[in-house]
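# Close look at the chain arrangement
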Amino acid sequence: MNTFLLIFSDVFSFISLMILFLMLLETRCSRKVTSWIIAGFILAASIVYAIILFFNNGIPIGGISALVFTVPSLIVYLIIAKNRDMRFVFTYCSVDVIGFIGNIISRAIAIPFDDNPVIILVFNIIYFIGMFYLILKIRNRYMSLLKLPNKGWKYFALVSVFFYIMLYLLVSYPVPMVERREYIPVVLVFCLTIVLVYVVIFQTMVNIITIREKEQDQQLLSAQLALQESKLELQDLYYKMAYLDFLTGLKNRRSFEKEISSITSQNVCCISLDLNNLKQINDAVGHNEGDRLLKRTSQLLTNEFNEHCEVYRVGGDEFIILAVDYPKPQLENKMGVFRSVIQKFNEEGKQIGWPFVDVAFGWDWLLPGEEIQELIYRCDQKMYEDKQKCKSVR
């Protein structure tokens, strides 16, 4: 009966370790295939282990366990593992070290009870239930750690291999631990040291991945900010393409039409302007000089009409100024001296080689009950009349 309980306890520990390792392993097979492989191996190894123990002729139990469980399980896991590098070595040895420690503690606890196998079995069940709970709590974090580059893992793996070998020697060499009970306190202290080292290793790994996640979050935030900035720049570009005249920087006809459709005020003045000499300049000295004239004209208009006004370039040589809620007396005074303002502007520009600005214009206020389009039409007509006057003067 005692032999059966010991065999059952060892097989239970072995199955628990297999499952624990599987929980921390990235496999390349499907879950179904992996489950069948592991289940078949566990069944075969358990049967072979039981048979060898029943007919054991003095072979150390540690040697039987290594022959039946440890080495074959290593081969099986190497076959199904996705990563066969130092991450695999560290995980495999660490899980086996966990099993070793559990078996050592169970044997030590059973000593006062005359090595009662029931005590060993009950402790193993409680121990591995606790290990399952612990692995479930840390599994997601550990799987994230396994995704880290395979750099630095070799040092962790070497530590786990060292612990594995030392525990095996302490427990089994030169004779089983149960025959050297005076060393059990030393072995238990060594087990405690191993546990503390693993806590430090795991905490170090967690700190590494925390720092990495913060760096990734920072990079993601920077990328999102850059993307948002690019979107804003793109929106700004789309707006400029849609609503601005690229040559002068003034709002274009589309912007003008959008603006007049949203005007609700009745205090609106429209000023329609047309360059008299753009075609002649283009024909005489080229379009570059004509572009300079357009820029010069837009500069004049934005300088003079910068408050309560919006200047638009609505055609090749056509400009419109909309003044909404502009005090009438001030605007009428401004328009009364507009010709002299243009003349002074030209005199200042002549000294630095700017082209001569010559505009015809017409302006008026929105009448009660009148539509904006009607006001624009009247201003255009007045502008054409002024244009004819300018021609007759010349």
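Scroll up to find the structure this text is about.
Summarised in this report is the structure supplied together with it. (Residues numbered from 1 in each chain as written. Predicted model: local features only at pLDDT ≥ 70, side-chain atom pairs only at ≥ 80, totals over all residues. Heavy atoms only, no water.)

### Here's the deal with empty space enclosed by the protein
The cut-off we apply is this: Cavities and pockets are defined on a 1 Å grid built over the protein atoms alone: a cavity is a set of grid points where a 1.4 Å probe fits but cannot escape, while a pocket is an open set with protein on both sides within 12 Å along at least five of seven lines, and lining residues are those with an atom within 4 Å of any such point. Grid points are joined across faces, edges and corners, and a volume is the space filled by probe spheres set on the points. Here a strand is any run of E in DSSP of at least two residues, a helix any run of H or I of at least four, and the numbering for each starts at the N terminus. Note that Gly is not counted as nonpolar here; it falls among the polar residues with everything else outside the nonpolar set of Ala, Val, Leu, Ile, Met, Phe, Trp, Tyr, Cys and Pro and the charged set of Asp, Glu, Lys and Arg.
Scanning all chains against the criterion turns up one cavity of 30 Å³ or more. Here the largest cavity defines a volume of roughly 80 Å³. It is helix α4 (residues 86-110) that contributes the most residues to the lining of the largest cavity, three residues altogether. The residue inventory of the lining of the largest cavity, partitioned by class, reads five nonpolar, two polar and three charged.

### Describing the pattern of salt bridges
Two side chains bearing opposite charge may form a pair once their charged atoms approach each other closely. Just so we agree on the cut-off: By salt bridge we mean one thing: a side-chain nitrogen of Lys or Arg within 4 Å of a carboxyl oxygen of Asp or Glu. The classification of residues rests on relative accessible area computed with a 1.4 Å probe and restricted to protein chains. Under 20% of the type maximum is buried, over 50% is exposed, and intermediate values are partly exposed.
Overall, the coordinates contain twelve salt bridges when judged by the stated rule. A salt bridge links Asp283 to Lys279; the nearest nitrogen and oxygen atoms lie 3.0 Å apart. With Asp283 and Lys279 both in helix α9 (residues 278-285) and four residues apart, this pair spans about one turn of that helix. In this structure Lys279 comes out as exposed when scored by relative accessible area, which is 59%. Between Arg292 and Glu289 there is a salt bridge, and its shortest N-O distance comes to 3.0 Å. Of the two residues, Arg292 and Glu289 are both situated in helix α10 (residues 287-304); the distance of three residues between them amounts to about one turn of the helix.

### Quick look at the layout of surface pockets
In this structure, the second largest pocket encloses a volume near 530 Å³. Along its surface, the second largest pocket is lined by 21 residues, and Ile98, Leu134, Ile138, Tyr198 and Val199 are the ones closest to its centre. Secondary structure elements with two or more residues in the lining of the second largest pocket: α4, α5 (117-146) and α7 (184-243).

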